[in-house]
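So the chains spell out like this:
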Amino acid sequence: MRFEGRILYLTEDPALVKQQLDGEDLDWKPEVKLRDDISTDEITPAHICFHYDEKLGEFPYLGLKCGSAFPVTRDAVRRGGFVASVSGKRRGKGSSREQSPYAERCAGIRVVLAENLERIYKQNCQNLGLLTATDLDLIPRIRSGQEIPLSAFTEGEDPITAQIVAFGGLFNFNVARLQGRAAVPLITTPGRPMTLAEKILARHFVAHPAAERAGLPAVQPGDSGFVRTDLRFSHEYVTPMAAIFFEKLVGADEPVNDPASILFFRDHLTFLDDVMPPERRAMGLIDLARHLEEKQAEFARRQGIRLHGELADRKGSEGICHSLILERYALPGQLIIGSDSHTPHSGAIGAMAFGVGTTDIFNSWITRDVRIRVPETVRVLIHGQLRGGLTAKDLILALLRTAYVRSGQAIGKVIEYAGEVVESLDIDERATLTNMAAEVGGFTGIVAPDRKTSEFLVERRGMHRADAERLCEGWAGDPAAPVDQVIEINASELRPLVALPGDPGQGVFIDELDHPVGIEIAYGGSCTAGKKEDMDMYARVLEHALVHGRHVAPGVEFYIQFGSQDVREYCERKGYIDVFRRAGARLIEPSCGACINAGPGATVRNDQVAISAQNRNFPGRSGPGQLYLASPLTVAASAIEGRIVAFEGERD
């Protein structure tokens, strides 16, 4: 194949990016620094994702931050005639939004080159027919119009992925699979010691989409095929685009496969009316957002799919999708896919839960399965003792700043958490670790089910203890199962951490900040930090403050947002609602909200500083300001103090 068009280098220097957009080609050399860590929030900022058709071609890289500038303007990429886009390490971090590669494709990009690519982003590219590679030596061949074999884009891929690339996308491949024109390799892996993740995958592997039963004796890293899902879920950012694909390519009157195992959520944009600035309203984005809601609801009604929607009596939702999946649905040993990178949240109880893109969700409505290449496992062993002011958030911030993670070596691998500290954590805190496997770049995060898991199922689900214990039995990795890497963290050596603005991997100990950091906003919420145990932490700090005659500092807005109505009711029973209000916190009903710049708690000015217990702080994700990440304890203590501090109440 040959490519006709220009190459766009996404460099750290904004002037070089602008030069290319203005029509001058860049004679790139390796010493010209490419942007690393480009998130999908930068490729398509959240408000751009209200579009879900070819209109997206006007917007790729609109949020790209180079230095302190945003050099890409609307429609500049499409007008520039670019056929390839080049960047550095960890391209496509963050959200699973398929709008990002779809926007690139609609703008004319056909090849995405980077030193390495995040798993979901890369898979979304392949599903849509975008070619990807990590071999930057392809650049001169593309630029000169040389013929390049397809193998340049399939080298190192499993047989299924190679065929998806060759067929031009996942849907085309699945049609060929159902017609017998595409080959699904037979897995013949002999019995072997397996990790927990491998055992779950082996239980769910299918040899053919029409097969009623699933299961293989054993799998190993690199085995590729399709796995039968127990649950599939999506939310209003993704469902409409998937529904359009389904109606266009399958048929508006065709039923989905097993609607009882599909769930929809209206949880991302319920507070958008409160925060959308006038200039975006003028672009008609409120109407577009409402159309997302309406399209999802209409498709759910027609297909008989359960929709967890908005509240009838007040603004807010029933709950964030990840919160509700863990609280009400997920079980040990299940295989769960969701249209969101934080789907690994449910790995806290030993489920194999991972995020996928729109095309994967749409195809799963047809086949009930999803393609997979068995990933390698990274075991994170956390030893020592978790001191009073430390939380799971501090542990994950410590992991994120390791060289192994920051270099991208964990991309696409299962992050298995173990060790005596993990065993001591309750399920809500374990969910913080598994949820933020997304920030690690992992395929998923998981903790082996144990006594804490069965207690969770008894207390939260009302199960009989014997039934709960039976569900947890057998879901543990074999001691002799090989893993790709072992990372050991000594919790006894840690102190409370905060991630500096720009990336969750920029963690530093709070007591090592080189200057006092005043804040205007403190936000406690999101799927990561809106759980019951997070509320215990906010209450612990605020009760301590009230005893000492203190309240939220003047000039600071402290928002506490519940992850679900179950969490809100828990706070009412515990008396936390009164504590939060008396201390000066502002309470918000469940929604993703500030975490995606769609609710109260996001910054509104470039010079505004916020501290948040959410999961990521990529440029522009939660507004234009400077966003620090920390634990619920640190966020609440900082709200009281008016600057970033660790909670030291126990020392009083």
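Heads up: these notes are all about the structure in this document.

## Topic: the overall build of the chain
Along its length, the chain carries 28 helices and 23 strands. The C-alpha atoms of the chain give a radius of gyration of 24 Å, which matches the 26 Å a tight globule of 652 residues would have. Principal axes of the C-alpha set define a box for the chain whose edges measure 75 × 60 × 50 Å. Of all 652 residues assigned to the chain, the portion counted as buried reaches 63%. Taking all contacts inside the chain whose residues are at least 6 apart in sequence as the whole, residues at least 24 apart take part in 73%. As presented, the chain carries roughly 23300 Å² of accessible surface, and 48% of it is formed by carbon and sulfur atoms. Here the chain contributes 74 positively and 89 negatively charged side chains, and the mean placements of these two sets differ by 2 Å.

## Section: unusual backbone geometry
If you check the backbone angles, D75 has positive phi at about 70 degrees while not being a glycine. With respect to the helices and strands, D75 occurs in the loop between α2 (40-43) and α3 (76-79). Under the relative-accessibility criterion, D75 is labelled buried at 18%. A positive phi angle is found at R90, which is not glycine, with a value near 55 degrees. Relative to the elements of secondary structure, R90 occurs in the loop between β2 (82-86) and α4 (99-106). Owing to a relative accessible area of 3%, R90 belongs among the buried residues under this scheme.

## Thoughts on the sheet that holds strand β12 (residues 369-373)
With respect to topology, three strands assemble into an open sheet ordered β5-β6-β12, the strand pairing being antiparallel. Pairing within the sheet leaves two strands with one partner each, and these edge strands are β5 (205-206) and β12.

## Considering the environment of T359
Counting through the fold element by element, T359 comes out in helix α16 (residues 358-367). Given the relative accessible area of 4%, T359 is considered buried. As a C-alpha pair, T359 and F50 span 309 residues in sequence and 17 Å in three-dimensional space. Those residues in contact with T359 that lie beyond four places of it in its chain are E98, N127, L128, L170 and F245. Here the side chain of T359 touches E98 through a polar contact of 2.3 Å, side chain to side chain.

## Considering the side chain of R232
Following the sequence through the fold, R232 ends up in strand β7 (residues 231-235). No salt bridge is formed by the buried R232; the nearest opposite charge belongs to D258, separated by 4.3 Å. Separated by 2.6 Å, the side chains of R232 and S261 make a polar contact. The residues touching R232, leaving out its near neighbours within four places in the chain, are N257, D258, S261, I262, L263, I337, S364, W365 and R368.

## Side note on the packing of aromatic side chains
In the structure shown here, the tally under the stated rule is 19 aromatic pairs. Considering the side-chain rings of Y570 and Y576, the 6.1 Å spacing of their centres and the 80 degrees angle between planes classify their relative orientation as edge-to-face. Summarising the burial analysis for this pair, Y570 and Y576 share the class buried. One aromatic cluster is present, formed by Y102, F171, F245, F246, F264, F299, F362 and W365 through successive ring pairs. Over the ring of F509 we find R401; its NZ or CZ atom is 4.6 Å from the centre of that ring.

## Focus: the sheet that holds strand β15 (residues 444-446)
Across the sheet, four strands lie side by side as β15-β14-β13-β16; this open sheet has parallel pairing. Only two strands of the sheet have a single partner each, and these edge strands are β15 and β16 (485-490). Here the strands of the sheet are splayed against their neighbours by 20 degrees on average, with no regard to which way each runs.

## With respect to the packing of helix α9 (residues 170-178) against α16
Helix-helix packing is characterised by the crossing angle of the two axes and by the distance between the axes. Viewed as axis vectors pointing N to C, α9 and α16 meet at an angle of 20 degrees, and their least axial separation amounts to 10 Å. Comparing the axis directions of α9 and α16 gives the class roughly parallel. Crossing of α9 against α16: the hand is right-handed. When α9 is examined against α16, the residues L170, F171, N174 and R177 are found in contact with a partner set consisting of T359, D360, F362, N363, I366 and T367. Within the contact of α9 with α16, the residues separate by chemical class into four nonpolar, four polar and two charged.

## Digging into helix α11 (residues 239-249)
Summarising burial for α11: eight of the eleven residues are buried, a large majority. Within the span of α11, buried status applies to T239, P240, M241, A242, A243, F245, F246 and E247. Immediately beyond the C-terminal end of α11, within one or two residues, lies G251, with a positive phi of roughly 135 degrees.

## Describing the pattern of salt bridges
Following the criterion strictly, the structure yields 54 salt bridges and no others. Two residues, R2 and E147, come together in a salt bridge whose shortest N-O distance is 3.4 Å. Here R2, found in the segment before β1 (6-9), pairs with E147, found in the loop between α6 (138-143) and α7 (151-154); they are 145 residues apart in sequence, far enough to count as distant. Taking relative accessible area as the criterion, E147 reaches 52% and is therefore assigned exposed. Put simply, R495 and D511 hold a salt bridge, and the shortest N to O gap is 2.6 Å. Remark: D511 occurs in the loop between β18 (507-509) and β19 (521-524) and R495 occurs in the loop between β16 and β17 (497-499); sequence separation between them is 16 residues.

Here is what the cut-offs are and how they apply
Residues numbered from 1 in each chain as written. Predicted model: local features only at pLDDT ≥ 70, side-chain atom pairs only at ≥ 80, totals over all residues. Heavy atoms only, no water. Helix = DSSP H or I, 4+ residues; strand = E, 2+ residues; numbered from the N terminus. Rg over C-alpha atoms; globule rule 2.2 N^0.38 Å. Buried < 20%, exposed > 50% of the residue type's maximum accessible area, 1.4 Å probe, protein only. Contact = heavy atoms within 4.5 Å. Areas by Shrake-Rupley, 256 points an atom, 1.4 Å probe, with all protein chains shown as cover. Lys, Arg positive; Asp, Glu negative; His and termini not counted. Charge placed at Lys NZ, Arg CZ, Asp CG, Glu CD. Pairing = 2+ DSSP bridges. Polar contact = N/O pair within 3.5 Å; in protein donor to acceptor, adjacent residues only side chain to side chain. Salt bridge = Lys/Arg side-chain N within 4 Å of Asp/Glu carboxyl O. Phe/Tyr/Trp six-rings, centres within 6.5 Å; stacked < 30°, edge-to-face > 60°. Lys NZ or Arg CZ within 6 Å of the ring centre and 35° of its normal. Axes fitted to C-alpha atoms, helices over the stretch in contact; angles between N-to-C directions. Parallel < 35°, antiparallel > 145°, perpendicular 65-115°, else oblique. Left-handed = near helix turned anticlockwise from the far one by under 90°. Nonpolar A, V, L, I, M, F, W, Y, C, P; charged D, E, K, R; others polar.

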